[in-house]
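Structural features, examined
Below, each chain spelled out in residue letters.
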Amino acid sequence: MKIVQPRTRHPFHYPVTRAEYKCSARCLARQRMFLFPGPWHRIHGATYRRLSGASMTAPSVPPARAARLAWRPLQRSTRVAIIAALAATLFYQLFLLNPAYRGPGWLWLAMLAAEGLTAVHLIGTWWTILAHDDRPESVDATVWRNRLRAGSEAPSIDVFITAYGEEPALVRRTMIAARDMQLPHRTFLLDDGDSDELREIADQVGIGYLRRPGGAHAKAGNVNAGLARTNGEFVVIFDADHVPEPGFLLSILPHFHDPDVAFVQSPQFYTNNVNLVATGSSEAQRIFYELVCPGKNHFNAAFCVGTNVMFRRAALDTIGGIWTGSNSEDIWTSIELHKRGWKSIYVPQVLARGLAPQDVPSYLKQQLRWASGGFEVLLRGRLFKRGIGLTIDQRLQYLFCGTHYLLSVAMLTFMLFPALYLLFALSPIRADGLAWATHYLPFQAAVLLVTWLQSGGFKLSAIVASIGAAPVHLRALGGVLLGRPAKWKATNAGGDGTRSLWAVMPLFALLVLNVTAIVVGVFVMADPAPTWLSVGWASMIVLILGRMILESVTGGRLRHGAKPSAEASDAPLPPAGEQATIRPQHAETTA
């Protein structure tokens, strides 16, 4: 029988027969998915015996429960909507550039800059969506997974859970779930909070416990300290609040059949949609992973997000471990690996479930850190320097990480325009309301339509949360420009339900400005049409800002029947029948 040899042999990569290759290809073609492959029993009997190396005995690892998909095929309607959106964008931009409608020079230039930035980022996002990667999983990965299910030897795997002040009950749940994942592995808690209680819990659960002196370089230093004291061929990283599925390793590991793959990333998925900020944060993440990440995967530009990720240790060794020059260690590590020719893979399966911030201060703290990382890449990444090893597609995809947060500067600019007109009769565009609406409304409608069609709809809470974070993004930009990076701190550390007006003081100032403008504009109305248009725009701004401020001063009130994160962390684990029958190899040493 003819043998199909892999391009480069992996120590755990077996030769595949032509019959196996064709059979696995047929199975994948039927399922049309770059996802978790179908059940092993759908492979032909003779092929299964070949894969398992045994007769008709059942595999020792049962199939895991079906994973939720953070992926949708590229819709035909989305393609049509993007074409319409491009036309609407061009129509609106030509209107803005028309000298006949030009207002005061400085104000007109400010609007051009804001609208131009918005248009550039939207076009980049639509290009990424159109590149949606819906290729099926490779046959080699499928074959390796089936052999692992059948009991074949797996490479050594170290699983790291990073902790820094989170609630012990929350961390314990993650420990147990990580320990009980299918396939042999060692699990370690990397505790930068030096908690004796967590040490005791780790001993009770039966996993390794590691702490280090000093705490230098925050999470990156914590992971690197763990790397220095372990030796697994592959390394998995989970945040303390991200609970993995039993099949996490079985889903991710086979993608490393290609020796050039440095890391495989799965989505973040939040389960505690208990109030506006948690739901908005969760919805924003869903849209990012469903709309944008499949396209980034097509360009070999999927980047690490710091959790739910598996690395090849040999790849990390080539860059000296996790990047320590920034608190946004995840994206910088990705850039350094891509510069050296390594590949990354995004697997659109929800294989771990975490917790979104449940109060506004925690949410803004998270956004400050993420925005700082995006601006660092934009301003200091030297993405377009010659000879750095990145393809043009990778450079652009990393550029869009920074322009995403730069959109907040444009948003803040737009929120000032209604007040400027109502208070001072200043407008960047000299046109009647009908002319402006005729050009602007099709553009805005097309932007929302593309997102709606491809993501299957979205919640307004995502828009409210995004606009509410705009001042924090501006603060992050200032910090990067002045060389004062945001300090790293665990998002949910210190409990939930913090009430604060100070955290949203910039939003409160904008609200007062627009309320004042509405009152003044109505009482001194000179031109009714543009005045009422500005009043309507300012009123919408007031409603959005007011909702975010209310969320902050009330501590993020939970919806009726919703459970806070502390209670969610004590929820029962999956039934025993859904966990591995092969017990993992636990670490027994602590330090």
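Residues numbered from 1 in each chain as written. Predicted model: local features only at pLDDT ≥ 70, side-chain atom pairs only at ≥ 80, totals over all residues. Heavy atoms only, no water.

Turning our eyes to something else, we now look at the overall build of the chain. On a plain count of helices and strands, the chain comes out with 20 helices and 13 strands. Scored against the burial criterion, the 591 residues of the chain give a buried share of 57%. Taking the intrachain contacts of the chain between residues at least 6 apart in sequence as the baseline, contacts between residues at least 24 apart amount to 83%. With the model as given, the accessible surface of the chain reaches about 24,800 Å², and the carbon-plus-sulfur share is 61%. (Helix = DSSP H or I, 4+ residues; strand = E, 2+ residues; numbered from the N terminus. Buried < 20%, exposed > 50% of the residue type's maximum accessible area, 1.4 Å probe, protein only. Contact = heavy atoms within 4.5 Å. Areas by Shrake-Rupley, 256 points an atom, 1.4 Å probe, with all protein chains shown as cover.)

Further remarks concern the pattern of salt bridges. One pass over the full model with this rule turns up 15 salt bridges. Across the salt bridge formed by Lys-219 and Asp-239, the nearest N and O atoms sit 2.6 Å from each other. Highlighted residues: Lys-219 in helix α8 (residues 218-228) and Asp-239 in strand β7 (residues 234-239), separated in sequence by 20 residues. You can call Lys-219 buried: its relative accessible area is 8%. A single salt-bridge network, built from bridges that share partners, covers Asp-158, Arg-186 and Arg-313. (Salt bridge = Lys/Arg side-chain N within 4 Å of Asp/Glu carboxyl O.)

Moving on to helix α18 (residues 505-523). The α-helix winds at 3.6 residues per turn, so residues separated by three or four positions along the chain end up facing the same way. Given a rise of 1.5 Å per residue, 19 residues ought to cover 27 Å, and the 27 Å separating the end C-alpha atoms of α18 matches this to within 8%. Within α18, the full set of buried residues consists of Leu-507, Leu-510, Leu-511, Asn-514, Ala-517, Ile-518 and Gly-521. With its buried residues spanning 130° around the axis, α18 presents them on a single face. Contact partners of the buried residues in α18: α14 (392-424), α16 (460-468), α17 (470-481) and α19 (528-553). (Expected span 1.5 Å × (residues − 1). Arc of directions from axis to C-beta.)

Turning our attention to the side chain of Asn-308. Positionally, Asn-308 belongs in the loop between α10 (276-298) and β10 (309-312). Within the local environment of Asn-308, its side chain forms a polar contact with the side chain of Thr-307, the two groups lying 3.1 Å apart. (Polar contact = N/O pair within 3.5 Å; in protein donor to acceptor, adjacent residues only side chain to side chain.)

Spatially, 7 strands are ordered β6-β5-β4-β7-β10-β9-β11 in an open sheet, and the strand pairing comes out mixed. A strand with exactly one partner marks an edge of an open sheet, and here the two such strands are β6 (208-210) and β11 (343-346). Each neighbouring strand pair of the sheet contributes to a mean axis angle of 20°, computed without reference to strand direction. Judged from the 3 bridges that link them, strand β5 (residues 186-191) and β6 form a sheet pairing that is parallel. Paired with Phe-188 across the bridge in β6 is Gly-208. (Pairing = 2+ DSSP bridges. Axes fitted to C-alpha atoms, helices over the stretch in contact; angles between N-to-C directions.)

Scanning the model with the defined rule gives 22 aromatic pairs in all. Between Phe-238 and Phe-248, the aromatic rings sit 4.9 Å apart at their centres with planes inclined by 70°, giving edge-to-face as the arrangement. Pair noted here: Phe-238 is in strand β7 and Phe-248 is in helix α9 (residues 248-252), with a separation of 10 residues, a long-range link. Across the pair, exposure class does not vary: Phe-238 and Phe-248 are buried alike. Seen in terms of ring centroids, Phe-288 and Tyr-289 are 5.0 Å apart; in terms of plane orientation they differ by 70°. Their pairing is edge-to-face. (Phe/Tyr/Trp six-rings, centres within 6.5 Å; stacked < 30°, edge-to-face > 60°.)

Turning our eyes to something else, we now look at the side chain of Asn-514. With respect to the helices and strands, Asn-514 occurs in helix α18. With relative accessibility at 0%, the residue Asn-514 sits in the buried group. Not counting residues within four places of it along the chain, the set of residues in contact with Asn-514 comprises Met-415, Pro-418, Ala-419, Ala-538, Ile-541 and Val-542.

Interaxial distance between α18 and α19 falls to 9 Å at its minimum, and their mutual angle equals 150°. Put simply, α18 runs roughly antiparallel to α19. Crossing angle aside, the handedness with which α18 passes α19 is left-handed. Between α18 and α19, the residues in contact are Leu-507, Phe-508, Leu-510, Leu-511, Asn-514, Val-515, Ile-518, Gly-521 and Val-522 and Thr-531, Trp-532, Val-535, Ala-538, Ser-539, Ile-541, Val-542, Leu-545, Gly-546, Met-548 and Ile-549, respectively. When grouped by side-chain class, the residues that make up the contact of α18 with α19 number 15 nonpolar, 5 polar and no charged. (Parallel < 35°, antiparallel > 145°, perpendicular 65-115°, else oblique. Left-handed = near helix turned anticlockwise from the far one by under 90°. Nonpolar A, V, L, I, M, F, W, Y, C, P; charged D, E, K, R; others polar.)

A few words on unusual backbone geometry. Positive phi values are uncommon outside glycine, yet Leu-183 reaches one of about 85°. Its location among the elements puts Leu-183 in the loop between α6 (168-179) and β5. Judged by its relative accessible area of 2%, Leu-183 is buried. Here Ala-425, not a glycine, exhibits a phi torsion of approximately 60°, which is positive.

Quick look at the packing of α14 against α18 now. A pair of packed helices is captured by two measures, namely the crossing angle of their axes and the spacing between those axes. Viewed as axis vectors pointing N to C, α14 and α18 meet at an angle of 30°, and their least axial separation amounts to 8 Å. Taken together, α14 and α18 sit at an angle that is classed as roughly parallel. The handedness of the crossing between α14 and α18 is left-handed. Each of Leu-412, Met-415, Leu-416, Pro-418, Ala-419, Leu-422 and Leu-423 in α14 lies in contact with α18, whose residues at this interface are Leu-510, Leu-513, Asn-514, Thr-516, Ala-517, Ile-518, Val-520 and Gly-521. Among the residues making up the contact of α14 with α18, the classes are represented as 12 nonpolar, 3 polar and no charged.

Our focus in this paragraph is a nonpolar patch on the surface. On the surface, a cluster of nonpolar side chains totalling about 600 Å² of accessible area is made up of Val-515, Val-519, Val-522, Phe-523, Val-524 and Trp-532. Here the nonpolar patch takes 4 residues from α18, the largest share from any one element. Within the fold, Phe-523 resides in helix α18. (Patch = residues over 30% accessible without salt bridge, like charges linked within 9 Å, V, L, I, M, F, W, Y side chains within 5 Å.)

This part takes up the nonpolar core. Met-175, Leu-189, Leu-253 and Phe-256 are the most contacted members of the largest nonpolar core, which totals 39 residues. Listed by contribution, the elements that provide at least two residues to this core are α5 (139-149), β4 (157-163), α6, α7 (196-205), β7, α9 and β9 (261-265). Looking at this core, the element that brings in the most residues is α6, giving 5 residues. Val-360, Ala-469, Val-472 and Met-548 belong to the second-largest nonpolar core, a separate cluster that totals 37 residues. (Core = buried A, V, L, I, M, F, W, Y, C linked by side-chain atoms within 4.5 Å.)

Attention shifts here to the confidence of the model for the chain. Averaged over the chain, the pLDDT score is 83; the fraction of residues at 70 or greater is 80%. Predicted confidence is poor over residues 1-64, with pLDDT under 50, and the contacts of this stretch with residues over four places away or in other chains come to 131 contacts. Across residues 568-591, confidence stays below pLDDT 50; counting only partners more than four residues off in sequence or on other chains, it has 57 contacts. (pLDDT = per-residue confidence, 0-100.)

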